[in-house]
Structures are given as structure tokens and as C-alpha cells.
Amino acid sequence: MRVAVVTFDGFNELDSFIASALINRRRADGLEAFITTPTPVVTSMNGVPVTGQRPIEFVTEAEVVLIGSGVKTRDVVADDRLLSRLPLDPGRQLIGSQCSGALVLARLGLLGSMPVCTDRTSRPFVEADGVKVLDVPFHAEGNIATAGGCLASQYLATWVITRTLGEEAARAVLDYVAPVGENDETVERALRTVYGGSGLRLR
């Protein structure tokens, strides 16, 4: 099960790296995330150059696609040629967005009437596209999920792990990365957020 973490120039490091790092904790189970970029090298919003692990065309092969955010997302959605390289299919893929990545899902026509989560800065631009924005960190319907706020990337990763490998796999990852002394709190909060925001049932 391959996960394309789509990472554009000007990306937010927290969004791309937290999601990919958490998901890759289950690499031994066959779930693996790759930083997927439209050019060989992209530079983060803080000037960190990163070499992509997979080209943008990898999104057509991946079972899961997560659209990261960044300071240039409005340029991304204005670039029809770039968007044409993202032929996503929620019928066979799990698709998620982080913060301003919701703009990409909207421009690709994947949302329909679905409300989304995004960050405060991106909210007015998402709403200008006619999309309702929720005041929660995570929301999913079917095979599409959105997260809002940089640290909500943990919820997007939890959703991916839960949907592909199950709840126990997600619990193990969250317990491992939780701040010492806050393990139970961290695990339960993430699962409540994801299950409550996706209509799934928490065991």
C-alpha cells in the first residue's frame, strides 16, 4: 500500500514530514509513504531543499494520496498544467488534504458538497471557492479526508493507518510517538478525532 505525500514548492515541513513519518512507522506491514514532488527538488517555506522520493506521476499508482500545504498553494491551483498531473480517483484511492491542500481538492472537483477542514489563513480562499469550512481539525466522508492546522497532520496519518491496517496499528504508532507521560491521552484524542470526524466507529 503506497502513499503519495504530494509536496509542492513552498511546502510546510510539518504537514509533509509528520504524515509521512507516522505512516512509515508501519512500513513493515506494507504501508509506505513517499514524498512526491512535481520537480526533482522542492524548497520548503523555511528554505529547506528536499529531493522528492517519487515524481508527481506516482499519484496514479498510489493507493493513498495526501495533498500537503504550503505558501504557494494558490499558485498551484492557478496552474492548470500542474493540476492536470493529478488525476485522482476517490473510487479506488484514499485521498486526503492538509490545510491549504483543500484548495487543490476543490479545484480538482473532488469535494462536491462535502465541507472541509483547513487552516485559518487558507479559510477565506477555500470559502471563496464555495466550499464550507468546519471549525474542527479533521473531517472525512467516504474516501476523502481533510485536516486543518499543521499538527492535525497526525489525524490525517491516523486516518490512513486506520483505513488501511486497522485501529490497533494506528494505536501502536500513536503510542510510540506520543510525548512521554501523555501516551493514553494522545492515542485516545487522535482516535476520537478521526472516528468522530469520519463516521467510523471506535471500538
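Residues numbered from 1 in each chain as written. Predicted model: local features only at pLDDT ≥ 70, side-chain atom pairs only at ≥ 80, totals over all residues. Heavy atoms only, no water.

Peer 1: So what exactly am I meant to see when it comes to the overall build of the protein here?
Peer 2: For the protein, the helix and strand inventory stands at eight helices and nine strands. A compact globule built from 203 residues should have a C-alpha radius of gyration of about 17 Å, and the protein, at 15 Å, falls within 12% of that. Considered along the principal axes of its C-alpha atoms, the protein spans approximately 45 × 35 × 35 Å. The burial tally for the protein puts 52% of its 203 residues in the buried class. When contacts within the protein are restricted to residue pairs at least 6 apart in sequence, long-range pairs at least 24 apart make up 65% of them. For the protein, the accessible surface area stands at approximately 9,200 Å², while carbon and sulfur atoms represent 50% of it. (Helix = DSSP H or I, 4+ residues; strand = E, 2+ residues; numbered from the N terminus. Rg over C-alpha atoms; globule rule 2.2 N^0.38 Å. Buried < 20%, exposed > 50% of the residue type's maximum accessible area, 1.4 Å probe, protein only. Contact = heavy atoms within 4.5 Å. Areas by Shrake-Rupley, 256 points an atom, 1.4 Å probe, with all protein chains shown as cover.)

Peer 1: What am I meant to see in the pairing of strand β7 (residues 94–98) here?
Peer 2: Remark: a regular strand shows side chains that alternate across the two faces of the sheet. In terms of burial, β7 is largely enclosed, as five of its five residues are buried. Of the two faces of β7, both are covered, the one formed by Leu 94, Gly 96 and Gln 98 as well as the one formed by Ile 95 and Ser 97. Looking at chain direction, strand β6 (residues 64–67) and β7 are connected through four bridges and run parallel. What sits directly across from Val 65, in β7, is Ile 95. Across four bridges, the pairing between β7 and strand β9 (residues 144–147) is parallel. (Pairing = 2+ DSSP bridges.)

Peer 1: Got a minute to help me understand the nonpolar core in this structure?
Peer 2: Most often, soluble globular proteins keep nonpolar side chains buried together rather than apart. Core analysis: the largest hydrophobic core is formed by 34 residues, its most contacted members being Val 3, Ile 23, Leu 66, Phe 138, Trp 159 and Val 160. In terms of residue count, helix α6 (residues 153–165) provides more of this core than any other element does, six residues in total. In terms of nonpolar packing, the next biggest core, distinct from the first, is built from 30 residues, Leu 86, Met 114, Val 116 and Ile 144 among them. (Core = buried A, V, L, I, M, F, W, Y, C linked by side-chain atoms within 4.5 Å.)

Peer 1: Help me out: how do you make sense of the packing of aromatic side chains in this one?
Peer 2: Remark: the centre distance and the inter-plane angle together describe each pair of aromatic rings, the angle taken between the planes. All chains considered together, the criterion is met by three aromatic pairs. Centroid distance Phe 11 to Phe 17: 5.7 Å. Interplanar angle 80°. Geometry classified as edge-to-face. Across from the ring centre of Phe 34, 4.0 Å away, lies the NZ or CZ of Arg 54, which sits over that ring. The ring of Phe 58 carries the charged tip of Arg 54 above its face, separated from the ring centre by 5.7 Å. (Phe/Tyr/Trp six-rings, centres within 6.5 Å; stacked < 30°, edge-to-face > 60°. Lys NZ or Arg CZ within 6 Å of the ring centre and 35° of its normal.)

Peer 1: What exactly am I supposed to notice about the environment of Gly 112 here?
Peer 2: Looking at the secondary structure, you find Gly 112 in the loop between α4 (101–107) and α5 (123–128). C-alpha separation for the pair Gly 112 and His 139, spaced 27 residues apart in sequence, amounts to 14 Å.

Peer 1: Explanation requested: the packing of α6 against helix α7 (residues 167–177) in the structure shown.
Peer 2: Packed helices, taken two at a time, are described by the angle their axes make and the gap between the axes. Across the interface, α6 lies against α7 with an axial gap of 7 Å and an inter-helix angle of 145°. Here Thr 158, Ile 161, Thr 162 and Leu 165 of α6 come into contact with α7, specifically with Glu 167, Ala 169, Ala 170, Val 173 and Leu 174. Counted by class, the contact of α6 with α7 contains six nonpolar, two polar and one charged residues. (Axes fitted to C-alpha atoms, helices over the stretch in contact; angles between N-to-C directions. Nonpolar A, V, L, I, M, F, W, Y, C, P; charged D, E, K, R; others polar.)

Peer 1: Sorry, what's going on with the sheet that holds strand β1 (residues 2–6) here?
Peer 2: Strands in a sheet are paired, the pairing made by backbone hydrogen bonds, and the direction either parallel or antiparallel. Strand order in this open sheet of seven strands is β5-β2-β1-β6-β7-β9-β8, and the pairing throughout is mixed. Because the sheet does not close on itself, it has two edges, and the strands there are β5 (54–55) and β8 (138–141). Here α6 sits on the sheet in contact with β1, β6, β7, β8 and β9, set at roughly 170° to β7.

What is shown is where atoms sit, not what they do.
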